[in-house]
Amino acid sequence: MSIITVVSTWIIPLIILLVLLAGTIKKIPTYETFVEGGKEGIQMAISLLPFLLGMMVSIAIFRASGAMEAFVEFLSPALHILGVPSEIVPLAVVRPISGTAALAVTTDLIKEFGPDSFIGRLASTMQGSTDTTLYILTVYFGAVGIRKMGDALKVGLIADLIGIIASIIICTYVFGF
(Lines give C-alpha, C1' and ligand atoms only; values in the text may rest on other atoms or scores of the structure.)
Protein backbone atom coordinates (compact mmCIF):
# COMPACT_ATOMS: atom_id res chain seq x y z
CA MET A 1 0.00 0.00 0.00
CA SER A 2 1.43 3.38 -0.99
CA ILE A 3 2.00 6.21 1.45
CA ILE A 4 -0.56 8.37 -0.37
CA THR A 5 -3.24 5.71 0.09
CA VAL A 6 -2.47 5.44 3.80
CA VAL A 7 -2.48 9.23 4.27
CA SER A 8 -5.71 9.70 2.31
CA THR A 9 -7.38 6.93 4.30
CA TRP A 10 -6.42 8.32 7.71
CA ILE A 11 -6.28 12.10 7.28
CA ILE A 12 -9.97 12.88 7.92
CA PRO A 13 -10.34 10.58 10.96
CA LEU A 14 -7.12 12.06 12.40
CA ILE A 15 -8.34 15.63 11.91
CA ILE A 16 -11.63 14.78 13.63
CA LEU A 17 -9.74 13.12 16.48
CA LEU A 18 -7.46 16.16 16.86
CA VAL A 19 -10.44 18.52 16.96
CA LEU A 20 -12.17 16.38 19.59
CA LEU A 21 -8.99 16.15 21.67
CA ALA A 22 -8.39 19.89 21.45
CA GLY A 23 -12.00 20.56 22.49
CA THR A 24 -11.74 18.13 25.38
CA ILE A 25 -8.44 19.64 26.57
CA LYS A 26 -9.98 23.12 26.48
CA LYS A 27 -13.05 21.75 28.31
CA ILE A 28 -15.41 22.62 25.45
CA PRO A 29 -18.59 20.50 25.31
CA THR A 30 -17.69 18.89 21.96
CA TYR A 31 -20.90 16.89 21.41
CA GLU A 32 -23.17 19.83 22.18
CA THR A 33 -21.05 22.08 19.96
CA PHE A 34 -21.28 19.50 17.16
CA VAL A 35 -25.08 19.32 17.47
CA GLU A 36 -25.32 23.16 17.43
CA GLY A 37 -23.16 23.25 14.29
CA GLY A 38 -25.38 20.64 12.67
CA LYS A 39 -28.49 22.72 13.37
CA GLU A 40 -26.81 25.81 11.92
CA GLY A 41 -25.74 23.80 8.86
CA ILE A 42 -29.31 22.69 8.19
CA GLN A 43 -30.58 26.26 8.55
CA MET A 44 -27.86 27.46 6.14
CA ALA A 45 -28.77 24.76 3.61
CA ILE A 46 -32.44 25.77 3.74
CA SER A 47 -31.54 29.45 3.29
CA LEU A 48 -29.42 28.56 0.23
CA LEU A 49 -32.21 26.68 -1.59
CA PRO A 50 -33.89 29.72 -3.21
CA PHE A 51 -30.54 30.97 -4.54
CA LEU A 52 -29.62 27.54 -5.91
CA LEU A 53 -33.03 27.06 -7.50
CA GLY A 54 -32.90 30.49 -9.16
CA MET A 55 -29.43 29.80 -10.54
CA MET A 56 -30.39 26.36 -11.88
CA VAL A 57 -33.55 27.65 -13.57
CA SER A 58 -31.66 30.56 -15.16
CA ILE A 59 -29.04 28.24 -16.64
CA ALA A 60 -31.69 25.85 -17.95
CA ILE A 61 -33.59 28.71 -19.62
CA PHE A 62 -30.39 30.12 -21.15
CA ARG A 63 -29.42 26.79 -22.69
CA ALA A 64 -32.93 25.68 -23.73
CA SER A 65 -33.81 29.01 -25.35
CA GLY A 66 -31.07 28.68 -27.95
CA ALA A 67 -29.33 31.82 -26.69
CA MET A 68 -26.11 29.87 -26.15
CA GLU A 69 -26.05 28.60 -29.73
CA ALA A 70 -26.81 32.08 -31.09
CA PHE A 71 -23.97 33.54 -29.02
CA VAL A 72 -21.53 30.90 -30.29
CA GLU A 73 -22.59 31.55 -33.89
CA PHE A 74 -22.10 35.28 -33.40
CA LEU A 75 -18.57 34.81 -32.03
CA SER A 76 -17.46 32.06 -34.43
CA PRO A 77 -15.90 34.31 -37.13
CA ALA A 78 -13.79 36.26 -34.63
CA LEU A 79 -12.78 33.08 -32.81
CA HIS A 80 -11.76 31.45 -36.08
CA ILE A 81 -9.44 34.38 -36.85
CA LEU A 82 -7.89 34.07 -33.36
CA GLY A 83 -7.51 30.31 -33.72
CA VAL A 84 -9.83 29.51 -30.84
CA PRO A 85 -12.25 26.59 -31.33
CA SER A 86 -15.82 27.82 -31.05
CA GLU A 87 -16.81 24.57 -29.33
CA ILE A 88 -15.16 25.86 -26.16
CA VAL A 89 -17.38 28.97 -25.89
CA PRO A 90 -20.24 27.28 -24.01
CA LEU A 91 -17.78 26.19 -21.33
CA ALA A 92 -16.28 29.69 -21.11
CA VAL A 93 -19.78 31.18 -20.71
CA VAL A 94 -21.19 28.61 -18.28
CA ARG A 95 -18.13 28.11 -16.04
CA PRO A 96 -18.50 31.41 -14.11
CA ILE A 97 -22.18 30.62 -13.57
CA SER A 98 -22.26 27.00 -12.45
CA GLY A 99 -19.65 24.36 -11.77
CA THR A 100 -22.09 21.52 -12.37
CA ALA A 101 -23.22 22.90 -15.73
CA ALA A 102 -19.58 23.51 -16.68
CA LEU A 103 -18.70 19.95 -15.74
CA ALA A 104 -21.54 18.71 -17.94
CA VAL A 105 -20.26 20.82 -20.86
CA THR A 106 -16.69 19.56 -20.26
CA THR A 107 -17.94 15.97 -20.15
CA ASP A 108 -19.82 16.47 -23.44
CA LEU A 109 -16.72 18.00 -25.09
CA ILE A 110 -14.52 15.14 -23.92
CA LYS A 111 -17.07 12.55 -25.09
CA GLU A 112 -17.33 14.22 -28.50
CA PHE A 113 -13.67 15.08 -29.14
CA GLY A 114 -11.79 12.77 -26.78
CA PRO A 115 -9.68 13.48 -23.69
CA ASP A 116 -6.43 13.74 -25.67
CA SER A 117 -7.80 16.12 -28.28
CA PHE A 118 -6.94 19.82 -28.19
CA ILE A 119 -10.52 20.67 -27.23
CA GLY A 120 -10.59 18.02 -24.49
CA ARG A 121 -7.32 19.27 -23.03
CA LEU A 122 -8.39 22.90 -23.34
CA ALA A 123 -11.74 22.17 -21.66
CA SER A 124 -9.98 20.37 -18.81
CA THR A 125 -7.45 23.17 -18.38
CA MET A 126 -10.17 25.82 -18.50
CA GLN A 127 -12.21 23.89 -15.93
CA GLY A 128 -9.28 24.02 -13.52
CA SER A 129 -8.23 27.60 -14.31
CA THR A 130 -11.53 29.36 -13.67
CA ASP A 131 -14.11 29.49 -10.89
CA THR A 132 -17.86 29.70 -10.48
CA THR A 133 -17.89 33.41 -9.72
CA LEU A 134 -21.60 34.15 -10.15
CA TYR A 135 -22.55 31.02 -8.26
CA ILE A 136 -20.27 31.96 -5.36
CA LEU A 137 -21.58 35.52 -5.24
CA THR A 138 -25.22 34.49 -5.53
CA VAL A 139 -25.19 31.65 -3.05
CA TYR A 140 -22.65 32.63 -0.43
CA PHE A 141 -23.03 36.40 -0.49
CA GLY A 142 -26.81 35.99 -0.60
CA ALA A 143 -26.80 33.54 2.30
CA VAL A 144 -24.97 35.95 4.59
CA GLY A 145 -26.92 39.00 3.42
CA ILE A 146 -24.24 40.88 1.47
CA ARG A 147 -26.05 42.96 -1.14
CA LYS A 148 -23.26 45.17 -2.52
CA MET A 149 -21.00 42.82 -4.43
CA GLY A 150 -19.97 44.96 -7.40
CA ASP A 151 -16.22 44.93 -6.76
CA ALA A 152 -16.17 41.20 -5.99
CA LEU A 153 -18.10 40.57 -9.20
CA LYS A 154 -15.67 42.62 -11.29
CA VAL A 155 -12.59 41.01 -9.81
CA GLY A 156 -14.06 37.51 -10.07
CA LEU A 157 -15.09 37.90 -13.72
CA ILE A 158 -11.73 39.46 -14.64
CA ALA A 159 -9.98 36.52 -12.96
CA ASP A 160 -12.20 34.12 -14.93
CA LEU A 161 -11.41 35.92 -18.19
CA ILE A 162 -7.69 35.77 -17.44
CA GLY A 163 -8.04 32.05 -16.64
CA ILE A 164 -9.83 31.43 -19.94
CA ILE A 165 -7.26 33.40 -21.97
CA ALA A 166 -4.35 31.77 -20.14
CA SER A 167 -5.85 28.31 -20.75
CA ILE A 168 -6.14 29.00 -24.47
CA ILE A 169 -2.60 30.40 -24.74
CA ILE A 170 -0.96 27.69 -22.66
CA CYS A 171 -2.84 24.81 -24.33
CA THR A 172 -2.06 26.21 -27.77
CA TYR A 173 1.61 26.55 -26.84
CA VAL A 174 1.91 23.15 -25.15
CA PHE A 175 -0.41 20.99 -27.25
CA GLY A 176 -0.69 22.96 -30.51
CA PHE A 177 -3.95 23.45 -32.38
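Owing to the predicted nature of the structure, the values given are computational and were not obtained by experimental measurement.

### Looking at the overall build of the protein chain
Then step 1. A tally of helices and strands in the protein chain yields 8 helices and 0 strands.
Then step 2. Helices and strands in the protein chain line up, N terminus first, as α-α-α-α-α-α-α-α.
Then step 3. For 177 residues, the compact-globule estimate of 2.2 N^0.38 gives 16 Å, and the protein chain exceeds it by more than 25% at 21 Å.
Then step 4. Principal-axis analysis of the C-alpha atoms gives the protein chain an extent of 65 × 45 × 30 Å.
Then step 5. Looking at the 177 residues of the protein chain, the share that counts as buried comes to 26%.
Then step 6. In the protein chain, once contacts between residues fewer than 6 apart in sequence are set aside, the share between residues at least 24 apart is 65%.
Then step 7. When the accessible area of the protein chain is evaluated, it comes to approximately 11,800 Å², of which 73% is carbon and sulfur surface.
Then step 8. For the protein chain, the distance from the average site of its 10 positive side-chain charges to the average site of its 12 negative ones is 11 Å.

### Some words on the packing of helix H6 (residues 118–129) against helix H8 (residues 150–175)
Then step 1. As a packed pair, H6 and H8 sit with axes 9 Å apart at the nearest point and diverge in direction by 140 degrees. When the axes of H6 and H8 are compared, the crossing they make is right-handed. Contacts between H6 and H8 pair Phe118, Arg121, Leu122, Thr125, Met126 and Ser129 from the former with Gly163, Ile164, Ser167, Ile168, Cys171, Thr172 and Phe175 from the latter.
Then step 2. Among the residues making up the contact of H6 with H8, the classes are represented as 7 nonpolar, 5 polar and 1 charged.

### As for the side chain of Thr130
Then step 1. Examined against the element boundaries, Thr130 turns out to sit in the loop between H6 and helix H7 (133–144).
Then step 2. Its relative accessible area of 8% is what places Thr130 among the buried residues.
Then step 3. A polar atom in the side chain of Thr130 sits 2.8 Å from the backbone oxygen of Met126.

### Describing a nonpolar patch on the surface
Then step 1. Residues Ile3, Ile4, Val7, Ile11, Ile12, Ile15, Ile16, Val19 and Leu20 make up a contiguous nonpolar surface patch of about 880 Å² in total accessible area.
Then step 2. The class for Ile15 is partly exposed, based on a relative accessible area of 44%.

### Comments concerning unusual backbone geometry
Then step 1. Residues other than glycine seldom take positive phi values, yet Lys27 does so here, at roughly 60 degrees.
Then step 2. With respect to the helices and strands, Lys27 occurs in the loop between helix H1 (3–25) and helix H2 (30–64).
Then step 3. Residue Lys27 is classed as exposed on the basis of its relative accessible area, which comes to 75%.

### A short note on H8
Then step 1. For H8, spanning 26 residues, the distance from its first C-alpha to its last is 37 Å, which sits close to the expected 38 Å at 1.5 Å a residue.
Then step 2. Of the residues trailing H8, Gly176 is marked for its positive phi of about 70 degrees.

### With respect to the confidence of the model for the protein chain
Then step 1. Per-residue confidence for the protein chain averages 87 on the pLDDT scale, and 99% of its residues sit at or above 70.
Then step 2. Of all helices and strands in the protein chain, the one with the weakest mean pLDDT is H7 (80), whereas H6 scores best (94).

### Considerations on the pattern of salt bridges
Then step 1. Tallied over the entire structure, the rule returns 2 salt bridges.
Then step 2. Between Lys39 and Glu36 there is a salt bridge, with the nearest N and O atoms lying 3.3 Å from each other. Within this pair, Lys39 and its partner Glu36 are both found in helix H2, separated by 3 residues, close to a single helical turn.
Then step 3. For Lys39, a relative accessible area of 46% translates into the label partly exposed.
Then step 4. Put simply, Asp116 and Arg121 hold a salt bridge, and the shortest N to O gap is 3.8 Å.

### Things to note about the packing of helix H5 (residues 99–113) against H6
Then step 1. Two elements in contact, H5 and H6, have axes whose closest approach is 8 Å; the angle formed by their N-to-C orientations is 165 degrees. Here H6 runs roughly antiparallel to H5, going by the angle between their axes. Between H5 and H6 the crossing geometry is left-handed. Taking contact as the criterion, the partners of Gly99, Ala102, Leu103, Thr106, Leu109, Ile110 and Phe113 in H5 are, on H6, Ile119, Gly120, Ala123, Ser124 and Gln127.
Then step 2. For the contact of H5 with H6, the class distribution of residues is 7 nonpolar, 5 polar and no charged.

About the thresholds
- Residues numbered from 1 in each chain as written.
- Predicted model: local features only at pLDDT ≥ 70, side-chain atom pairs only at ≥ 80, totals over all residues.
- Heavy atoms only, no water.
- Helix = DSSP H or I, 4+ residues; strand = E, 2+ residues; numbered from the N terminus.
- Rg over C-alpha atoms; globule rule 2.2 N^0.38 Å.
- Buried < 20%, exposed > 50% of the residue type's maximum accessible area, 1.4 Å probe, protein only.
- Contact = heavy atoms within 4.5 Å.
- Areas by Shrake-Rupley, 256 points an atom, 1.4 Å probe, with all protein chains shown as cover.
- Lys, Arg positive; Asp, Glu negative; His and termini not counted.
- Charge placed at Lys NZ, Arg CZ, Asp CG, Glu CD.
- Axes fitted to C-alpha atoms, helices over the stretch in contact; angles between N-to-C directions.
- Left-handed = near helix turned anticlockwise from the far one by under 90°.
- Nonpolar A, V, L, I, M, F, W, Y, C, P; charged D, E, K, R; others polar.
- Polar contact = N/O pair within 3.5 Å; in protein donor to acceptor, adjacent residues only side chain to side chain.
- Patch = residues over 30% accessible without salt bridge, like charges linked within 9 Å, V, L, I, M, F, W, Y side chains within 5 Å.
- Salt bridge = Lys/Arg side-chain N within 4 Å of Asp/Glu carboxyl O.
- Expected span 1.5 Å × (residues − 1).
- pLDDT = per-residue confidence, 0-100.
- Parallel < 35°, antiparallel > 145°, perpendicular 65-115°, else oblique.

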